[in-house]
Each structure stands twice: as C-alpha cells, then as structure tokens.
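Letter by letter, the chains look like this.
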Amino acid sequence: MTWKDAAAPLRERGFAWYFASRFTNTLGSTMANIALAFAVLDLTDSASALGQVLAAHTIPMILLLLWGGVISDRFPRTLVLQVSNVASAASQGFLAFLVITGTAELWMLIVLTAVHGAVSAISFPAMASMVPQLVPRSQLQPANALLSLTRNGLTVLGPTTGALLVVTIGSGWALAVDAAMWLLSALLLLPVRMPARDKKQSSSTIAELREGWQFFWSTTWLWAVVLGFGALNMIHNGALFTLGPVVAQDTIGRQGWGYVLSAEALGLLAMAVVLLRVPLRRPLFWGMIAIALAGLPMIILGVDPTLVALVVSAFVAGAGIEVFSMGWNLAMQENIDDDMLSRAYSYDALGSFVAMPIGQLAWGPLGVAFGNSRVLVASGIAYAAICALVLCSRSVRDLPRRTAEDPDPALTGTS
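Here the structure is a predicted model, which is why all the values come from computation and not from measurement.

On to the overall build of the protein, then. Helices and strands together make up the secondary structure of the protein, namely 18 helices and zero strands. A globule of 415 residues ought to have a C-alpha radius of gyration of about 22 Å, and the protein, at 21 Å, matches this closely. Expressed as lengths along the three principal axes of its C-alpha atoms, the size of the protein is roughly 55 × 50 × 45 Å. For the protein, the proportion of its 415 residues judged to be buried stands at 52%. Expressed as a percentage of contacts within the protein between residues at least 6 apart in sequence, the contacts between residues at least 24 apart total 88%. In the structure as shown, the protein presents an accessible area of about 18200 Å², 69% of it carried by carbon and sulfur atoms. When the 23 positive and 23 negative side-chain charges of the protein are each reduced to one mean point, those points stand 6 Å apart.

Describing two packed helices takes the angle between their axes plus the distance from one axis to the other. Closest axis-to-axis distance for the helix α2 (residues 13-44)/helix α8 (residues 171-188) pair is 8 Å, and the angle between their directions is 160 degrees. Here α2 lies roughly antiparallel to α8, going by the angle between them. The element α2 and its partner α8 pack so that their crossing is left-handed. Grouping the amino acids of the contact of α2 with α8 by side-chain chemistry returns 16 nonpolar, seven polar and two charged.

To continue, consider the packing of helix α12 (residues 283-291) against helix α14 (residues 307-335). At a minimum axis distance of 7 Å, the contact between α12 and α14 shows a crossing angle of 155 degrees. It follows from the interaxial angle that α12 and α14 lie roughly antiparallel. In the packing of α12 onto α14, the handedness of the crossing is left-handed. Residues P283, L284, W286, G287, M288, A290 and I291 of α12 form the contact with α14, whose own contacting residues are G320, I321, V323, F324, G327, W328, L330 and A331. Broken down by class, the residue content of the contact of α12 with α14 amounts to twelve nonpolar, three polar and no charged.

Here we take up the nonpolar core. Among the nonpolar cores identified, the biggest contains 56 residues, and W221, L222 and M288 are the most heavily contacted of them. For this core, the element with the highest residue contribution is helix α10 (residues 220-250), accounting for 14 residues. Look past the residues within four positions of M288 in its chain and what remains in contact with it is V225, F229, L232, F324, C387, V390, L391 and V396.

Quick look at the side chain of S129 now. Its place among the elements puts S129 in the loop between α5 (106-128) and α6 (131-134). For S129, a relative accessible area of 0% gives the class buried. Of note is the side chain of S129, whose polar atom sits 2.6 Å from the side chain of S342. Not counting chain neighbours up to four residues away, the residues in contact with S129 comprise R77, D338, L341, S342 and Y345.

Together, V86, L183, L184, L187 and L190 give the surface a local cluster of nonpolar side chains, amounting to about 440 Å² of exposed area. Of note, L183 is situated in helix α8. Exposure remark for L183: the relative accessible area of 43% places this residue in the partly exposed category.

Here the focus is unusual backbone geometry. Residues other than glycine seldom take positive phi values, yet R282 does so here, at roughly 45 degrees. Take R282: it is sitting in the loop between α11 (253-275) and α12. Exposure remark for R282: the relative accessible area of 36% places this residue in the partly exposed category.

Attention now goes to helix α16 (residues 356-370). Along its 15 residues, α16 runs 21 Å from first to last C-alpha, staying within 8% of the 21 Å computed at 1.5 Å per residue. The principal kink in α16, of about 30 degrees, is found at A362, preceding the proline P365 by one to four residues. Within α16, burial applies to G359, W363 and G367. On its buried face, α16 is in contact with α10 and α17 (372-390).

Let's shift gears to the confidence of the model for the protein. Across the protein, the average pLDDT comes to 87, with 93% of residues at 70 or higher. Helix α1 (residues 3-6) is the least confidently modelled element of the protein, averaging 67 in pLDDT, while α12 averages 97, the highest of any element.

Let's shift gears to the pattern of salt bridges. By the definition in use, this model includes eight salt bridges. Measuring nitrogen to oxygen at the nearest pair gives 2.6 Å for the salt bridge that ties D338 to R77. With a gap of 261 residues between them, D338 in helix α15 (residues 338-353) and R77 in helix α4 (residues 77-101) connect regions that are remote in the sequence. For the residue pair D338 and R77, the accessibility class agrees, reading buried in each case.

By the secondary structure assignment, N335 is in helix α14. Using a relative accessible area of 1% as the deciding quantity, one classes N335 as buried. In terms of polar contacts, N335 uses its side chain to reach the backbone carbonyl oxygen of A331, at 3.0 Å.

Here is what the cut-offs are and how they apply
Residues numbered from 1 in each chain as written. Predicted model: local features only at pLDDT ≥ 70, side-chain atom pairs only at ≥ 80, totals over all residues. Heavy atoms only, no water. Helix = DSSP H or I, 4+ residues; strand = E, 2+ residues; numbered from the N terminus. Rg over C-alpha atoms; globule rule 2.2 N^0.38 Å. Buried < 20%, exposed > 50% of the residue type's maximum accessible area, 1.4 Å probe, protein only. Contact = heavy atoms within 4.5 Å. Areas by Shrake-Rupley, 256 points an atom, 1.4 Å probe, with all protein chains shown as cover. Lys, Arg positive; Asp, Glu negative; His and termini not counted. Charge placed at Lys NZ, Arg CZ, Asp CG, Glu CD. Axes fitted to C-alpha atoms, helices over the stretch in contact; angles between N-to-C directions. Parallel < 35°, antiparallel > 145°, perpendicular 65-115°, else oblique. Left-handed = near helix turned anticlockwise from the far one by under 90°. Nonpolar A, V, L, I, M, F, W, Y, C, P; charged D, E, K, R; others polar. Core = buried A, V, L, I, M, F, W, Y, C linked by side-chain atoms within 4.5 Å. Polar contact = N/O pair within 3.5 Å; in protein donor to acceptor, adjacent residues only side chain to side chain. Patch = residues over 30% accessible without salt bridge, like charges linked within 9 Å, V, L, I, M, F, W, Y side chains within 5 Å. Salt bridge = Lys/Arg side-chain N within 4 Å of Asp/Glu carboxyl O. Expected span 1.5 Å × (residues − 1). Bend = angle between axes of the 7 residues up to and from the residue. pLDDT = per-residue confidence, 0-100.

Written as structure tokens, this is what we have:
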C-alpha cells in the first residue's frame, strides 16, 4: 500500500468532513478532561469529590450504551451525532458558565457531567459505526488508521494544551473552549451525506435490544473477544492505573511514570503510521497476539521497575494495543451488517467496560494483602493467559479479511 493509497479515504468527501468533526471533538475532549479535574479541585480540593464527578460520567454511559446502539441503528447516524454534539456543547457550556461565574457547586458538576456521560452513550455507537458507510470496503484499514493516528496524537497533545489553557485563562474558560469544539464538530457534519439505508418495520426498543443480544450471542468471535476484554480491561485498570502509580512513585518517580505513559502513546502513534501502509490479515488472530504484549509492563513493574525497561515495554504495549484496535474495527466493520453494527458496538462497549470499576476498586486491597509486586506479576501473566484463551476459539483465530468482491456477510456465529 502506497502513501497515496493510505490517504485515499480523505478524498471521499463524506469521510473528510467526518474526519474533521472527529478531530475537533477529540481535541476538545482531551483538553476538557484536565480542565474538569482542576475545576473540581479548585471548588472542593477533594480527590473524593473528583472521583464522584468522574463516576457521574461513567455510570450513565455504561447504563445507556445499549439504548444508544438501538437509536443509532434506528435513526440516521449523522443526525444522531449532530444532536449528541449539540447536547454535549450545551452541557459543557453551562458547566463552563457556572465555573466562570463562580456559582458552581459540586452537585451541579455531578449532574452536568452525568448528562454528558448519557449523551456519550448515545453518540458512541453512531460514531463507531459510520466509517463503513463513508469509504469503500477496500479503504477501511487506512480510514481507521487515519482516525487512530489523530486520536493517539491528540491524546499526547490535548492534555498539554488543556493544562496550558487552565493555567492561562482558567479551567472555566478551558471548558468553554471544549463546548465550542462540540458545536463546531456538529457543524462539520452538515455536509456529510450517508447512503440511504433500507427502512425496516418499526419495532419496540426491547425487541431491538433482544435482536441485538441474539446476534451478539450467536456470533462466537464477537462474544468471545468481548468476554475476554471484560477481564483484560479490569486487569489493565487495576494493575497499571491503580497499582502502577503507587509502585512508580517509590521506584522511577512521578516524572518517570509520565515517561512510561508517553511511551505507550508513542507506540500507539508509531503503529498507526505502520498500519496506514501494511495490510492486516486475520485481524483478530494478530490482534489478540499483539494485545497480549500489554501485559509486559505489568510484569516488569512487578519484577524490576527500571525506567528504561518500562519505557521500552510500554512502547511495545502501545503498538500492540493499536494492532488490536485496528483488527477489532476491521472485524466489526467488515463482518457485521450495517443494520446491526451500532447495537453490536454497544454490546461490545458494555461488555468491555462493565468490569473496569472492579479493577479500580479491587487491585489496591489486593496489593496490600499480597504485595504490589506479586499482584502485578500475576496480573501480567493472567493478561497474556486470557489472550491465549480467547485465541482457543477457532472463529477468532480464523476470521478473515473480506474484500470488496465478497458478498455481504451472512452473520453466522462461525463467520
């Protein structure tokens, strides 16, 4: 694949505007995360209060994801995204107004953040399932790589920009910038014209949720990977995000831990560039092998937490995460019918996210009971073992790429 081929999706008018919209709201979101954190701390100076605000975003997002999938499969996805972006702009704008005017109270931040979380649950399935309708099937990999490249780059740039805004103009105005970004993102979607979808006979939300569940459970590679990632995300959040900073503080230091996180982001970026040109065959086979590398930093953190070893392992882990991310998007977008895709993404997100709070809550006490080093090593080994267990499914190992000439998938459990 040449660089010209890699940039081909941007010559598709609909995708180019969608890409610009995604770039805009991702930049705003990565800046807003740090702005919101400092807004809460300025108001309360309490880590517990910050946790309450963050949970207020996560809980409604998890609870409403399945409903978001139904909405995105029932209504035009561009419209769903536009309405969601305007709603996000309104909630973030009101939040910014309260902070700027000094009238904000903790309960107000919790309510508005919960609204934003609920809106995110509606927008995520629509956003994730639009790409196959905007580019030819042969361009799915470079299209996803371009989105990953900008997302990963903004993960590095956004927090720095957000911190600069907080320091120079204040957290409230930084949140106002995010609100403007959401509104601009909605406007950038106006030129996007999606192909018409076949109208299906309307049914109840419960019926569509049941239909989505039946599809999810009958598609072996889908539920096998999602079930595996329920455990993998629990371990990742518990081991790296809970115990990681504790061990790092006593070994490589806080700045060293920042280098480790940056190295993972650079690994994501580097692999996204590679995948712009290198075709990924057998997407789930190579994806699960690659994601197993994310267990390596956990083991090194537990055995010998030296800065160089952790930075290198984090870079490798980031590259592996990006390979899986690409493989998963290709598997979903090439093998699931458009009328079911948003609901499939919503079941995927629900299954993958639901156990994350367990990791955040349980790994600290486990570290106290058994020692941080032992828990980290066991976590890394368990992480790789779960990846191997998922690969025991033949439908995961053998799922192929589909070419433009292939017929639409029959959506069987052995596809």
